[in-house]
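# Report on the structure
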Amino acid sequence: MANVPPIPKRISAIKFGLMSPKEIRKMSATSIDTADTYDDDGFPIDMGLMDTKLGVIDPGLRCKTCHGRAGECPGHFGHINLVAPVIHVGFNKIIRKLLRASCRKCSRLLLDVPQKAHFLSQLTAIEEIGHRPDDVINEAYKEASKVKVCPYCGEEQLDIKFEKPTEYLEDGEKLTPTEIRGRFEGIPDEDIKVIGMDPNNARPEWMILTVLPVPPVTVRPSITLESGQRSEDDLTHKLVDIIRINYRFQENREAGAPQLIIEDLWELLQYHVTTFFDNSVSGIPPARHRSGRPLKTLSQRLKGKEGRFRGSLSGKRVNFSARTVISPDPNLSINEVGVPIPIARILTVPVNVTPRNIEQLRVFIRNSGVVHPGANYVFRPDGRRIKVTESNKEDLAEKIEYNWMVERQLNDGDTVLFNRQPSLHKMSIMAHSVKVLPDKTFRLNPAVCPPYNADFDGDEMNMHALQTEESRAEARILMQVQENILSPRFGGPIIGGIHDHISGLFILTRFEKKISKPNAYDLLRKTDVERVLPEPASFGENGEPYWTGKQIFSQLLPKGLNMGFSAQVCSHCETCKKEECPYDSYVVIEDGELIKGTIDEASIGAFKGKILERIIKQFGASQGARFVDNFTRLAIRAVMRSGLSFGIADEDIPKEASIQINEVLGKAEDDVQKLIQSFINKELEPLPGRTLDETIEMSIMQKLGKARDETGNIADSHMGLENPAVIMARSGARGSILNLTQMAACVGQQAVRGERIQRGYAGRTLPHFAKGDLGSDAHGFVKASYKSGLNPTEYFFHAIGGREGLVDTAVRTSQSGYLQRRLVNALQDLEAQYDLTVRDTRGVVVQFKFGEDGINPTKSDFSKPDAIRRIVSDVVNREVE
Amino acid sequence: MAIGESTIETMTRDMPLPANIMKTLKEEVLRAGVNKKQMEEIIEQVLLEYEMACIEPCDAVGVVAAQSIGEPGTQMTMRTFHYAGVAEINVTLGLPRLVEIVDARKIPSTPMMTIALSKEGPDDYAYDREKTRILAWEIEATKIDHIADVTTDLSQMKLIIDLHEKAMYGRNITIEQVKEKFNDELNVMVAISPDIDNQVIITPNEASYRELLQLAKSIHDVTLKGIEGIKRVVVRKEGEEYTLYTEGSALREVLQFEGVDRTRTTTNNINEIYEVLGIEAARNSIIKEATDTLREQGLTVDIRHIMLVADLMTCDGEVKQIGRHGISGEKSSVFARAAFEVTVNHLLDAGMRGDVDLLQGVTENIIVGQPIRMGTGDVHLVAKKRPNVLAAKDDCEL
């Protein structure tokens, strides 16, 4: 059982505090006294910054403190004894407050005893309810700094001024760090508690450094360049500076140098220690590298997106992952992912050797490097890893025993996680089962594109091979694609048919199609339904049977499914005739048979598919997944057999239509001119609460918008459902009627910030127009259609409108990304409890019942009480029968 | 044999169902006219279905809610100004509005009020155009520019204000009122011209050009009538009823007016609602504003997610921002705060205060590299020791 990982220890808490000089010295492996790093042989100097007592980074050397090799030794701190104390920059704010709040003579906090007791009790109270104490502490500071005469010794308090970066002036006199430290030392422990500090872990005088801890070499490794030259880390550079100045300071002081020089050196030491902690303090120039690049010192390492916290601790790089381009494969199940062989040969899954699998694993080891499911590594029970190579694979195959572990290559049926960035919701990472395929791209069923928001224009996706049995079980149960068809955002399906799936089934099921036996079987060939066709709907002249498209589609539906709803093509007539719909756009399903209606986006589309949603809720997730698999395959076959193409000729409209369109546009232009004329003559009545200028703009916009819609209607009326573009738009497969009318009839008004285009030259948009021209074409109305082609000014305006769209998208992604980050950060600790309350991890109740009714949004039926109606009618109808 | 309402009532009384589900159940059952046996079966099935539909314990509802609101953000428009409902008033919509709501801004970029009018009698405000119009003028802030032309007479060192009679009549304001108002607000000599009708003359206290020009500027800021901050009032008839829409918001003041229906009058300034009506109202207002913003963009987000955000923002009794200065900044964990924003300061403060991080939240545990206590990480299986069984098993193996 050697390679079974031990039960992980849990860290229960982490305490923060300041380090006392004593503590720094105690944990230090050595004092650092010399600024030199390596001797002439390239060996680290003792008491130097690279002393091997601080840990080792060069292979071959051993740490003098723990005798570990590079990689084993975690590194050890050293220390520099500072000749004179310096201020830690990070604590400037508190030092300032504390100086003002404490007596300059007796060091006591300038609050009388009852006040202290009051603040102390407030602090304990606030701590009890788990709130942040900042407000109380600030109040205490404020009260104390108002006091002008010490209530204990009667000393008058002087005004303390802080000057950037690290200078304190008391009535114009400079306070040295030594003096400040002296004052802080005198503050009694019970006073410290009042201002929220913990005297055992953070005495205020420790904010002024007398000893500087030197981070281990492992924290600041030096790199050996190709030329053999050593390049030191920024922190090492900074430490060298500190040691040099420290030494010079000492020399000068011992030599009895004048006060002025001592002060200068002190300031210099302060500068170097300051920049060692934070190189972006305002008020001082950042310390620079020889090349002029500012040094990356301690706080720069922690800050920001790529800093230690967000970059290395909250987000980590992982092994057993792969990334490549994605491409579609409608023959895969939605639960599968096609993994290219080159990736499958590198990613591995650990398998313990047992009597049941030892022979199989031997085959894998022998296959290694030749045939695909091979093995890459073998682990002995003592944890040693052996790479399977051409030369040792036969040996290894013989040698493996029970309790060894073999890392076998990824194979069909393995569970992996699949992800596409940006991971905006939980459906951005789902579990798929592997299907190893040739070539070099990940393959996925196009029906799972919507949750990932993926397309195939070069998108790449990531895959992670799961390594433990627990993780695989969890992924299968919670993360598999079929478990995530319903989105928790709105309780409807987020996976479903797109594009050709919709147009395919639309063409198949629209009205009564006559489908012969071979065709019917061919359509259903790729599906996994039983190969038994129902009674044919009709017979031909020679008695040959024909089936309708609706019958073919019905083969995919489970028995017991009853539904009735309006399809996407529904034209929303004033009185819906429901079952009697003359346009075949009311879907009726009885006992798993499509009786009436056309299948389109409203039935099977992603985000909308009603049939899909009902199947999942009534028959379960695996039936839902099977339904998606089947209808995608059927749809692709259907659209392949009928064909659906779209070309420039499909935008053709008859001559009379274009004449009509021109009339409409001409009339609109006349109307606009009339409006402008009345505006110039000051006859125009302003809309309530609007200026005249705004009114004319709004009326022109309205006029032109109406004209565009009218031309669209004209074009639309000349294109029937035989037009492939109309099929796509009406069924919801792709595009909209607006897209179509822009291509065929008129592009319409180009807008910037919701208004007509106004910017450009003085008084006009382009030099082609007269100054002050308010006409439609001078402000971005495009009369032409995309097909007829835009004239130069129209083209230019169109580009302006298009550019605004692009800028908009770019700004939006960054804004919404930040919003998402903030939301997730604020809400991530909330969890539903066993009593259906929502609490955060501290136990604070946020909601007494989740969503007021405790219902899971995923199962909420779009927040409508459909389920009850269904139950009632089910029970009632059954009794009647 | 259909059962009556009272029987249904007794049968369903003790069911642990939310009110709205209960209501639909009763309605449906009554409509279908079921008998007792059927009713029992329905109750059984409904309870089962309800239990199935409930949220599972240990579910990370917070993250799901945050993602459900954040994810559609990418699909929202950026355009700040849109025309909503009332064409005359601009309202911030889309992503900027959503950001504004979760930011808990003190004043939204486009404050707006919907003032419902009382409709107790047939000739009450809501049905009376004239009354409504007068009320609108009472509310809208009238500045001097609305009713007069101002000329600065440099030779005489005075300001001459020529009031328009028609405009004054429309806004129901008299020359005396104008004079009074200027007197109160500016503390200067205001006189009604004896010679010319509708003329007011203001003389500065000190006869200097500076004083005069300053005065000329400051008279434009004086609100002569109405509520400060309400720039415009629009009257709209919706169905039978007149409603007022305002640009600018002053809920507390507007609620004092007679004829205003206090139960239905609202503003889009969440902070104002909190101050005037309390935290519960603010919570409902957050939910309403967020839902409306999302719906206007054609995005469907389950209301439970929005409720959770609103509840989190308001659960301490004040409206807190989602972000550094609110929820995230007040977390007890040092690591969670450091990993969000202003990393270094949080660490320094924690050191100085001797804070303890109890590693209860999500980020903290990820940082130290251990499983989070949520979802499947919140469940622990403990093997019950049963010595005799173990012994028996050992025997078998032997």
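Residues numbered from 1 in each chain as written. Chains lettered and ligands numbered in written order. Predicted model: local features only at pLDDT ≥ 70, side-chain atom pairs only at ≥ 80, totals over all residues.

Our next topic: the overall build of chain A. Helix and strand counts for chain A stand at 27 helices and 31 strands. C-alpha atoms of chain A, sized along the principal axes, occupy 120 × 100 × 65 Å. Looking at chain A as a whole, 39% of its 881 residues are labelled buried. If you take every contact in chain A between residues at least 6 apart in sequence, the share linking residues at least 24 apart comes to 68%. (Helix = DSSP H or I, 4+ residues; strand = E, 2+ residues; numbered from the N terminus. Buried ≥ 20, exposed ≤ 12 C-beta atoms within 10 Å, placed from the backbone. Contact = placed C-beta atoms within 7 Å.)

Moving on to the overall build of chain B. On a plain count of helices and strands, chain B comes out with 18 helices and 11 strands. Computed over the C-alpha atoms, the radius of gyration of chain B is 32 Å, more than 25% above the 21 Å expected from 2.2 N^0.38 for a compact globule of 398 residues. With the principal axes as the frame, chain B shows a C-alpha extent of 125 × 75 × 35 Å. Out of the 398 residues belonging to chain B, those deemed buried represent 38%. A fraction of 58% describes how many contacts in chain B between residues 6 or more apart in sequence connect residues 24 or more apart. (Rg over C-alpha atoms; globule rule 2.2 N^0.38 Å.)

What follows covers helix α2 (residues 92-101) of chain A. Across the 10 residues of α2(A), 8 count as buried, placing the element largely inside the fold. Burial in α2(A) covers these residues: A:Asn92, A:Ile94, A:Ile95, A:Lys97, A:Leu98, A:Leu99, A:Arg100 and A:Ala101. Where α2(A) is buried, its residues contact β2 (78-87), α4 (134-146), β3 (160-163), β4 (167-170) and α5 (177-185) of chain A together with α16 (343-353) of chain B.

Further remarks concern the environment of A:Arg220. All names here are of chain A. Along the chain, the position of Arg220 falls in the loop between β6 (208-214) and β7 (223-224). Along the sequence, Arg220 and Ile868 sit 648 residues apart, while their C-alpha atoms lie 66 Å from each other. Apart from the residues lying within four places of it in its own chain, the contact partners of Arg220 are Pro215, Asp233, Leu235 and Thr236.

Another aspect to go through is the sheet that holds strand β12 (residues 375-379) of chain A. Residue and element names in this part refer to chain A. Here 4 strands make up an open sheet; going across it, the order is β11-β14-β12-β13 and the pairing antiparallel. Pairing within the sheet leaves two strands with one partner each, and these edge strands are β11 (348-352) and β13 (385-387). Averaged over neighbouring strand pairs, the angle between their axes works out to 25° when direction is ignored. Direction of pairing for β12 relative to strand β14 (residues 405-409): antiparallel, over a ladder of 4 bridges. Along β14, the bridge assignment pairs Tyr377 with Glu407. Lying on the sheet, helix α12 (residues 358-367) is in contact with β11, β12 and β14; it crosses β14 at an angle near 60°. (Pairing = 2+ DSSP bridges. Axes fitted to C-alpha atoms, helices over the stretch in contact; angles between N-to-C directions.)

Further remarks concern unusual backbone geometry. What is expected of a backbone is that most residues other than glycine have negative phi and most peptide bonds are trans. Residue and element names in this part refer to chain A. For the bond from Gln421 to Pro422, the omega torsion is -5°, close enough to zero to count as cis. Note on placement: Pro422 falls in the loop between β15 (415-419) and β16 (429-437). In this structure, His499 is a non-glycine residue whose phi angle is positive, near 45°. In this structure, His499 sits in the loop between α15 (469-479) and α16 (500-509). On the neighbour-count criterion, His499 (18 C-beta atoms within 10 Å) is partly exposed.

This paragraph deals with the confidence of the model for chain B. When the pLDDT values of chain B are averaged, the result is 82; 93% of them are 70 or greater. Taken over the whole predicted complex, pTM reads 0.89, whereas the ipTM for its chain interfaces reads 0.88. (pLDDT = per-residue confidence, 0-100.)

For chain A, the domain assignment lists domain 1 (31-76 + 215-303), domain 2 (89-204), domain 3 (500-642), domain 4 (650-807) and domain 5 (831-872). Taken over C-alpha atoms, the centre of domain 2 of chain A sits 78 Å from the centre of domain 3 of chain A. (Domains from an automatic or database assignment.)

Moving on, we come to the interface of chain A and chain B. Listed by partner, the interface residues are 89 residues for chain A and 91 residues for chain B. If you list the elements that add at least two residues to the side of chain A that touches chain B, you get β1 (14-15), α9 (298-302), α10 (308-313), α26 (792-827), β29 (831-832), β31 (845-847) and α27 (866-880) of chain A. By residue number, the principal contributor to the side of chain A that touches chain B is α26(A), which donates 14 residues. Partitioned by chemical class, the residues of the side of chain A that touches chain B number 40 nonpolar, 27 polar and 22 charged. (Nonpolar A, V, L, I, M, F, W, Y, C, P; charged D, E, K, R; others polar.)

Interaxial distance between α26(A) and helix α5 (residues 94-103) of chain B falls to 11 Å at its minimum, and their mutual angle equals 25°. Considered as vectors, α26(A) and α5(B) are oriented roughly parallel to each other. Remark: the crossing between α26(A) and α5(B) carries left-handed chirality. Here A:Arg812, A:Gln815, A:Ser816, A:Leu819 and A:Leu823 of α26(A) come into contact with α5(B), specifically with B:Leu95, B:Leu98, B:Val99 and B:Val102. (Parallel < 35°, antiparallel > 145°, perpendicular 65-115°, else oblique. Left-handed = near helix turned anticlockwise from the far one by under 90°.)

Before going further, it helps to examine the packing of helix α20 (residues 610-619) of chain A against helix α21 (residues 621-642) of chain A. Residue and element names in this part refer to chain A. The interhelical angle for the contact between α20 and α21, taken along N-to-C directions, is 150°, at an axis separation of 7 Å. Classified by the angle between their axes, α20 and α21 sit roughly antiparallel to one another. Taking contact as the criterion, the partners of Leu612, Ile615, Ile616 and Phe619 in α20 are, on α21, Ala621, Gln623, Gly624, Phe627 and Val628. A class-by-class count of the residues in the contact of α20 with α21 yields 7 nonpolar, 2 polar and no charged.

Further remarks concern the environment of A:Lys296. Residue and element names in this part refer to chain A. By the element assignment, Lys296 lies in the loop between α8 (259-277) and α9. Taking C-alpha positions, Lys296 is 8.9 Å from Phe276, a pair spaced 20 residues apart along the chain. With near-sequence residues (within four places) excluded, Lys296 lies in contact with Asp234 and Arg301.

All names here are of chain B. The residue Leu213 is located in helix α10 (residues 209-218) in this model. Exposure remark for Leu213: the 14 C-beta atoms within 10 Å place this residue in the partly exposed category. A sequence separation of 55 residues divides Leu213 from Lys158, and the C-alpha atoms of the two residues are 9.6 Å apart.

All names here are of chain A. Relative to β4, β3 runs antiparallel, the two being bridged by 4 bridges. Pairing of Glu163 across the sheet is with Glu167, part of β4. What sits between β3 and β4 in their antiparallel hairpin is a turn of 3 residues.

Consider a sheet: its strands pair through backbone hydrogen bonds, and that pairing is either parallel or antiparallel. All names here are of chain A. Spatial strand order, β19-β21-β20: 3 strands in an open sheet with antiparallel pairing. Strand pairing shows two members of the sheet lacking a second neighbour, β19 (515-516) and β20 (538-539), which therefore form its edges. In this structure, β20 lies alongside strand β21 (residues 545-547), joined through 2 bridges in antiparallel fashion. Bridge assignment links Phe539 to a residue of β21, and that residue is Pro545.

Residues and elements named next belong to chain A. With 10 of 10 residues buried, α16 is to be regarded as a mostly interior element. Turning to α16, its buried residues number three or more, namely Asp500, His501, Ile502, Ser503, Gly504, Leu505, Phe506, Ile507, Leu508 and Thr509. Turning to α16, the residues buried within the fold contact α18 (549-554), β24 (593-596), α19 (601-604), α21 and α24 (724-731).

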